Each structure stands twice: as structure tokens, then as C-alpha cells.
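Structural features, examined
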Amino acid sequence: MSGGTTRTGAQMAAWIAVASAEHVRRGRAGGFMQVCHGKAAPLRRIRPGDRVVYYSPTDKFGAADGLKSFTAIGTVLPGEPYQFDMGGGFIPFRRDVSWWPAEEAPIQPLLHQLELTAGVRNWGYPFRFGLLPVSLGDFDRIAEAMRAAVREDMAA
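Residues numbered from 1 in each chain as written. Predicted model: local features only at pLDDT ≥ 70, side-chain atom pairs only at ≥ 80, totals over all residues. Heavy atoms only, no water.

Here we take up the overall build of the protein chain. Looking only at helices and strands, the protein chain features three helices and eight strands. When the helices and strands of the protein chain are read in sequence order from the N terminus, they spell out β-α-β-α-β-β-β-β-β-β-α. Taking 15 Å as the expected radius of gyration for a compact globule of 156 residues, we find that the protein chain reaches 15 Å, a close match to that expectation. With respect to the principal axes defined by its C-alpha atoms, the protein chain has extents near 45 × 40 × 25 Å. Relative to its 156 residues, the protein chain shows a buried fraction of 44%. (Helix = DSSP H or I, 4+ residues; strand = E, 2+ residues; numbered from the N terminus. Rg over C-alpha atoms; globule rule 2.2 N^0.38 Å. Buried < 20%, exposed > 50% of the residue type's maximum accessible area, 1.4 Å probe, protein only.)

As C-alpha cells, then:
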């Protein structure tokens, strides 16, 4: 994989999604992703076959535990965003993902290597949006740091 996130024809794009590691673990176990407190619009930007990696600033939602690691990586599966009733009136939108076997990887050693963060003083700012495009080169560097095993057989 190489190149940017501009989509031409069937070219895949790569994304960084942001959530606490506890929420990411729930999505990995269920084969799905959610972003931006369950909003549909960000998930509609993603297409089947796109690659996604989760960055978790914290382990627990709302905690200040400073995890700052990439915690999941995979391929978006065919289908559109769909709603799921989690109870208590919370019905977020989700997309199905084939998660790859991978290890968590701290972002700190990658900051100077990633196009997204190299030389950027306030590197964490773009992560506040919850979903951001990333170059395929950066995605590959993150996948390597996570020792990810690409699951092409499960790809869209």
C-alpha cells in the first residue's frame, strides 16, 4: 500500500478512528466500529475495503490514564452504516469491520515518522474530530508498529 487518501475509482482509503480502548475492545469483539458518539455521517465517508486503525488516547472512557496507543486495525466490510440499540435510548450507527490480529502500539515512537504528525507541535489536535483520513503510507507504518497480520481473506 502506498499513496494518499484521495479515492479514485475503487482505490481504498485509510482512516484513523478515535475511541477509548475499552470501547474499541467492545467493537473488536463484536466485529464493528462506531465513531463520534454513534453519528452516521462520519461512517458514510468510509467505503467497503477501506482500512481503519483505532487510536485510543485513554484506556477507559473519560479517564486521564494517558494510554495514547493504536489499539485495533482492520478492513471495512461490505454494507452501509446501520443502527444498533445499546439500551437506555442509545442507538448508535455502526459499520462492520474485519479486525486483523495485531498488538497495541504506542503513538509516541511513531510521531516523527508519520506524515500526519511529523514536525507538528500540537499533533493531537486532528484526533479530536473522531475520524480522520490518513495516508496509506502512514497506515502501513502504524500496521507495522502493531505487528498486524493483514486478513485479505476477510476484506471487502
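Now that the structure is up, let's keep going.
Aromatic ring pairs are reported here in terms of the distance separating the ring centres and the angle at which the planes meet. In the structure shown here, the tally under the stated rule is seven aromatic pairs. Ring centres of Trp100 and Phe139 lie 5.9 Å apart, and the angle between their planes is 90°; on these two criteria the pair is classed as edge-to-face. Remark: Phe139 occurs in helix α3 (residues 136-145) and Trp100 occurs in the loop between β6 (93-99) and β7 (105-106); sequence separation between them is 39 residues. Exposure remark for Trp100: the relative accessible area of 0% places this residue in the buried category. (Phe/Tyr/Trp six-rings, centres within 6.5 Å; stacked < 30°, edge-to-face > 60°.)

Taken together, the side chains of Phe84, Met86 and Phe90 present a nonpolar region at the surface, about 250 Å² in accessible area. Along the chain, Phe90 falls in the loop between β5 (82-83) and β6. The exposure class of Phe90 is partly exposed, given its relative accessible area of 36%. (Patch = residues over 30% accessible without salt bridge, like charges linked within 9 Å, V, L, I, M, F, W, Y side chains within 5 Å. Areas by Shrake-Rupley, 256 points an atom, 1.4 Å probe, with all protein chains shown as cover. Salt bridge = Lys/Arg side-chain N within 4 Å of Asp/Glu carboxyl O.)

It is worth spelling out α3 at this point. For α3, the complete set of buried residues consists of Leu136, Gly137, Asp138, Phe139, Ile142 and Ala143. Buried positions along α3 lie against β1 (14-18), β3 (51-56), β4 (69-76) and β8 (131-134). Residue Arg147 follows α3 closely and has a positive phi angle near 50°. (Contact = heavy atoms within 4.5 Å.)

The next subject is the pairing of β1. Summarising burial for β1: five of the five residues are buried, a large majority. Judged by which residues are buried, β1 turns out to be covered on both faces: Ala14, Ile16 and Val18 on one side and Trp15 and Ala17 on the other are all buried. Pairing geometry for β1 and β3, over five bridges, is parallel. Across the sheet, the residue bridging to Trp15 is Val52, located in β3. Here β1 pairs with β8 via four bridges, running antiparallel. Paired with Ile16 across the bridge in β8 is Leu132. (Pairing = 2+ DSSP bridges.)

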